[in-house]
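Below, each chain spelled out in residue letters.
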Amino acid sequence: MLGLLFIFLAPLLRFYATPRVEKAPLDLYDKIVSTGQGEYFSTSPKFLRLLGPVPLENTQTFRGDVPAGTSTTAVYDSFSSTKDTLHDAVIDASTTRIAFDRVTGEAVHCCGEHPREDGLTLKFPFDVQRTEYRLWDSTAQRALPATYLRNGHIVGLGVYLFLIQAGPMVIDHVDVPGSLVGVPDHKTVTADMTYQVHQVDWVEPETGAILKGVQHGVRWLSYQGQPLFKVADTTLTPDQRSVNHIAHRLKDQLSQLHLEKNIIPLYGPILGVVLIVAGALLLRAPRKRRAAVRARPVKEREETAAP
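Criteria and cut-off values
Residues numbered from 1 in each chain as written. Predicted model: local features only at pLDDT ≥ 70, side-chain atom pairs only at ≥ 80, totals over all residues. Heavy atoms only, no water. Helix = DSSP H or I, 4+ residues; strand = E, 2+ residues; numbered from the N terminus. Buried < 20%, exposed > 50% of the residue type's maximum accessible area, 1.4 Å probe, protein only. Contact = heavy atoms within 4.5 Å. Salt bridge = Lys/Arg side-chain N within 4 Å of Asp/Glu carboxyl O. Pairing = 2+ DSSP bridges. Disulfide = S-S within 2.5 Å. Phe/Tyr/Trp six-rings, centres within 6.5 Å; stacked < 30°, edge-to-face > 60°. Lys NZ or Arg CZ within 6 Å of the ring centre and 35° of its normal. Axes fitted to C-alpha atoms, helices over the stretch in contact; angles between N-to-C directions. Polar contact = N/O pair within 3.5 Å; in protein donor to acceptor, adjacent residues only side chain to side chain.

Undergrad: Tell me what's going on with the overall build of the chain, and back it up with residues and numbers.
TA: Scanning the chain from terminus to terminus reveals three helices and 10 strands. From first element to last, N terminus to C terminus, the chain shows the α and β order α-β-β-β-β-β-β-β-β-β-β-α-α. For the chain, the residues scored as buried account for 38% of the 307 residues in total. Residue pairs in contact within the chain that sit at least 24 positions apart in sequence constitute 54% of those at least 6 positions apart.

Undergrad: Can you explain the pattern of salt bridges? Please cite residues and give values.
TA: Here the structure, examined in full by the defined rule, presents six salt bridges. Between E39 and K230 there is a salt bridge, and its shortest N-O distance comes to 3.3 Å. Placement of the pair is E39 in strand β1 (residues 29-42) and K230 in strand β10 (residues 226-238), with a sequence separation of 191 residues. When salt bridges that share partners are traced, they join E39, K230 and D233 into one network.

Undergrad: A description of the pairing of strand β5 (residues 132-137) should follow, citing residues and the corresponding values.
TA: Of the strand pairs in this sheet, β5 and strand β6 (residues 142-154) are connected by six bridges, and their pairing is antiparallel. Pairing of Y133 across the sheet is with A146, part of β6. Adjacent in sequence and paired antiparallel, β5 and β6 are bridged by four residues, among which Q141 carries a positive phi angle near 55°.

Undergrad: Would you mind going over the state of the cysteines in detail, with residue names and values included?
TA: Evaluation of the coordinates by the stated rule reveals one disulfide. Disulfide pairing places C110 opposite C111 at an S-S distance of 2.4 Å. One disulfide, between C110 and C111, carries an S-S torsion of -70° and so falls in the left-handed class. Take C110: its relative accessible area is 25%, and that puts it in the partly exposed class. The exposure class of C111 is partly exposed, given its relative accessible area of 30%.

Undergrad: Account for the environment of V218, naming residues and giving values.
TA: On the secondary structure map, V218 appears in strand β9 (residues 210-223). Looking at V218, the relative accessible area reads 16%, which means it is buried. Contacts of V218, omitting those with residues within four sequence positions, involve T194, Y195, Q196, A232 and D233.

Undergrad: Now, about the environment of A74: what can you tell me, with residues and values included?
TA: Checked against the element boundaries, A74 lands in strand β3 (residues 73-84). For A74, a relative accessible area of 0% translates into the label buried. Distance in space between the C-alpha atoms of A74 and V103 is 9.6 Å, their sequence separation being 29 residues. The residues touching A74, leaving out its near neighbours within four places in the chain, are P25, L26, I98, A99, F100 and R102.

Undergrad: Residues and numbers for the packing of aromatic side chains, please.
TA: Inspection of the entire model under this criterion finds seven aromatic pairs. Between F41 and F229, the ring centres sit 5.6 Å apart and the planes meet at 35°, which makes this aromatic pair tilted. Within this pair, whereas F41 is found in strand β1, its partner F229 is found in strand β10, the two being separated by 188 residues in sequence. We classify F229 as partly exposed; its relative accessible area is 28%. A connected cluster of aromatic rings, assembled from ring pairs, spans F124, Y133, Y148, Y160 and F162. One cation-aromatic arrangement involves K212 over W202; the distance from NZ or CZ to the ring centre is 5.0 Å.

Undergrad: I'd like to hear about the sheet that holds β1, residue by residue, with values.
TA: The sheet built from 10 strands is open, its strands ordered β4-β3-β2-β1-β10-β9-β8-β7-β6-β5 with antiparallel pairing. Only two strands of the sheet have a single partner each, and these edge strands are β4 (89-101) and β5. Pairs of neighbouring strands in the sheet enclose a mean axial angle of 25°, with direction left out of account. By the bridge criterion, 12 bridges tie strand β8 (residues 188-203) to β9 in an arrangement that is antiparallel. The residue bridging Q199 from the neighbouring strand is Q215, located in β9.

Undergrad: How would you summarise the side chain of E39 if you had to cite specific residues and measurements?
TA: Looking at E39, its side chain comes within polar contact range of the side chain of K230, at 3.3 Å. Not counting residues within four places of it along the chain, the set of residues in contact with E39 comprises L50, L51, G52, P53, K230, V231, A232, D233 and T234.

Undergrad: Just give me the short version of the pairing of β9, but keep the residues and values in it.
TA: Linking β8 to β9, which pair antiparallel, is a turn of six residues; within it G208 sits at a positive phi near 80°. Strand direction decides the pairing type here: β9 and β10, joined by nine bridges, are antiparallel. Directly across from G217, in β10, lies its bridge partner T234. In this structure, the hairpin formed by β9 and β10 is closed by a connection of two residues, where Q224 is found at a positive phi of approximately 50°.

The quantities given are spatial measurements derived from coordinates; they are silent on function.
Following this line, the structure appears as structure tokens:
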């Protein structure tokens, strides 16, 4: 009976259970801390100038909205804050609501998402390919090409490294005094907020989870193609504790995936056949003994039975 169970369980796990496990969770809660350094233009009346280089810390929290999610779509609320730890000042803070396909990682337009995102959002698809994807950049407010770079390893896991190298690109427009750009007869002129980014992501290929990302982003104001002044120049990467936390969760998920996707489907039928054969041999042995007893002469059996 146990042998038959292993034989029938193998295809059930491979073709029924695995597609249900290969999905981003609905109830995720994560906190990722990234550290680095950079320069930024402080709008504080105390400074009103470019500060830095200063140590920076970015904290992101993600909380799954389970009731809003479905069998195909996950919905997460996120809060992000970047702090200048030298001057104990918050230089940027934002909230987002992200809806994405639980298998492909692609943005889904529903459930009160804000802002409207495109491309991959928080993760790559399951079974990542060594090709090019489009990954959402919150500063650029658009999906940027992420190109496969090479294989690698991090905290005991094999990963694919993907490179985003984009810009300069205009991402916004800002009114500035005309005197700042050499046209004093204009009270204000519209300058371009220009952005350039270099980013490398370490992606676990089976789950599509991003284990680590190093981002160097630069923003500056320009007018008629000429740069005016730098607004921000920052480099951030998750700290080791955050990377270890993600890796620990991934290793548990990978163990379950490998068990349901590979180990039981491959070895389950073999074990099942072995158990069936062993059971048949065990049942056959008593029959042979009974037959041997019946085949002995009556006198021999009587002598054997005599005291």
